[in-house]
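Residues per chain are reported as follows:
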Amino acid sequence: MNEPSVARHWLPAVLPKAAPGIATSTVLILGRIWNANGAEHSVGNAALMVVLATGAAAAGGLAAAGRNGDGVLAGTCLAAAGGLALAGVAGYADGWSLPLLLWALATAVAYGLAARYWRTDRRDTLAFERHMTVKREDQAHTERIETLRARTQIEVARDAATYATALAEAMTARAALPGFDPTALNRAGLPELPALDISKEH
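Cut-off values and rules
- Residues numbered from 1 in each chain as written.
- Predicted model: local features only at pLDDT ≥ 70, side-chain atom pairs only at ≥ 80, totals over all residues.
- Heavy atoms only, no water.
- Helix = DSSP H or I, 4+ residues; strand = E, 2+ residues; numbered from the N terminus.
- Buried < 20%, exposed > 50% of the residue type's maximum accessible area, 1.4 Å probe, protein only.
- Contact = heavy atoms within 4.5 Å.
- Areas by Shrake-Rupley, 256 points an atom, 1.4 Å probe, with all protein chains shown as cover.
- Polar contact = N/O pair within 3.5 Å; in protein donor to acceptor, adjacent residues only side chain to side chain.
- pLDDT = per-residue confidence, 0-100.
- Salt bridge = Lys/Arg side-chain N within 4 Å of Asp/Glu carboxyl O.
- Phe/Tyr/Trp six-rings, centres within 6.5 Å; stacked < 30°, edge-to-face > 60°.
- Lys NZ or Arg CZ within 6 Å of the ring centre and 35° of its normal.
- Expected span 1.5 Å × (residues − 1).

A separate point is the overall build of the protein chain. A tally of regular secondary structure across the protein chain gives six helices and zero strands. Listing every helix and strand of the protein chain by position from the N terminus yields α-α-α-α-α-α. Counting all 202 residues of the protein chain, 15% fall into the buried class. Across the protein chain, contacts joining residues at least 24 apart in sequence account for 62% of those joining residues at least 6 apart. Here the protein chain displays about 15200 Å² of accessible surface, and carbon together with sulfur accounts for 66% of that area.

So, in structure tokens, the structure goes:
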């Protein structure tokens, strides 16, 4: 069973790999725009970002320590906390050194966490593909067996029909021979023709 090959665009494959870098770069750029618009050395803005980052980190910790331990929610909250902290530093600092340092650190951490999920997703994908391959092979094998069985049954039925037709023709021809004696045939062990009801013919 051949499946049609579909050419995939390169963008959907590359975008998930670039997402952590795009996210941290976007936060850094927005933080510096915020810095240029009056957030530099603003204690109120810095305090707001500290409170937001702490709240997001606390929410992530509670989600991770919960009874069911929702890893997706915890990771989202912790990523939000890191992004808020980076935005706060980028908006408050007066130079590029500290924001760039935190951006590099945040990007490395984001890729480290994402790599773990990518490995898990890759293992799940490979396991699913192997399972589907085995299932398709089993289905193809079953189809081949059923096809052979159906062909065999058709050939047997065709041979039986041919034999029955030939036998009927032979019996009809034998009955039409002059001097045909069914009792002599019965004594010889040959099959007996059904008796004809002559009264029905007259």
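Considering the arrangement of structural elements, one finds T24 in helix α1 (residues 10-39). Owing to a relative accessible area of 9%, T24 belongs among the buried residues under this scheme. Separated by 3.1 Å, the side chain of T24 and the backbone oxygen of G21 make a polar contact. Here the side chain of T24 touches T107 through a polar contact of 2.8 Å, side chain to side chain. With near-sequence residues (within four places) excluded, T24 lies in contact with L86, W103, A106 and T107.

Turning next to the confidence of the model for the protein chain. Taken over all residues, the pLDDT of the protein chain has a mean of 77, while the share at 70 or more is 78%. Here helix α6 (residues 198-201) stands out as the least confident element of the protein chain, with mean pLDDT 45; helix α4 (residues 97-175) is the most confident, with 86.

For the coordinates displayed, the defined rule picks out one salt bridge. For E146, the salt bridge identified is with R149, shortest N-O distance 3.1 Å. In this pair, E146 and R149 both sit in helix α4, three residues apart, roughly one turn of the helix. Taking the relative accessible area as the measure of exposure, R149 reaches 44% and is therefore partly exposed.

So, about the packing of aromatic side chains. Inspection of every chain in the model, using the stated rule, returns one aromatic pair. Between Y111 and W118 the ring centres are 6.2 Å apart and the planes differ by 65°, which places this aromatic pair in the edge-to-face class. For the cation-ring pair, R32 lies above W96, with the distance from its terminal atom to the ring centre recorded as 4.7 Å.

All right, on to α4 then. For α4, with 79 residues, the first-to-last C-alpha span of 114 Å sits near the 117 Å given by 1.5 Å per residue. For α4, the set of buried residues is P99, T107, A114, A140, M171 and R174.

Turning next to the environment of W118. Here W118 is to be found in helix α4. With a relative accessible area of 26%, W118 lands in the partly exposed category. Sequence separation between W118 and P16 is 102 residues, and the spatial gap between their C-alpha atoms is 9.4 Å.

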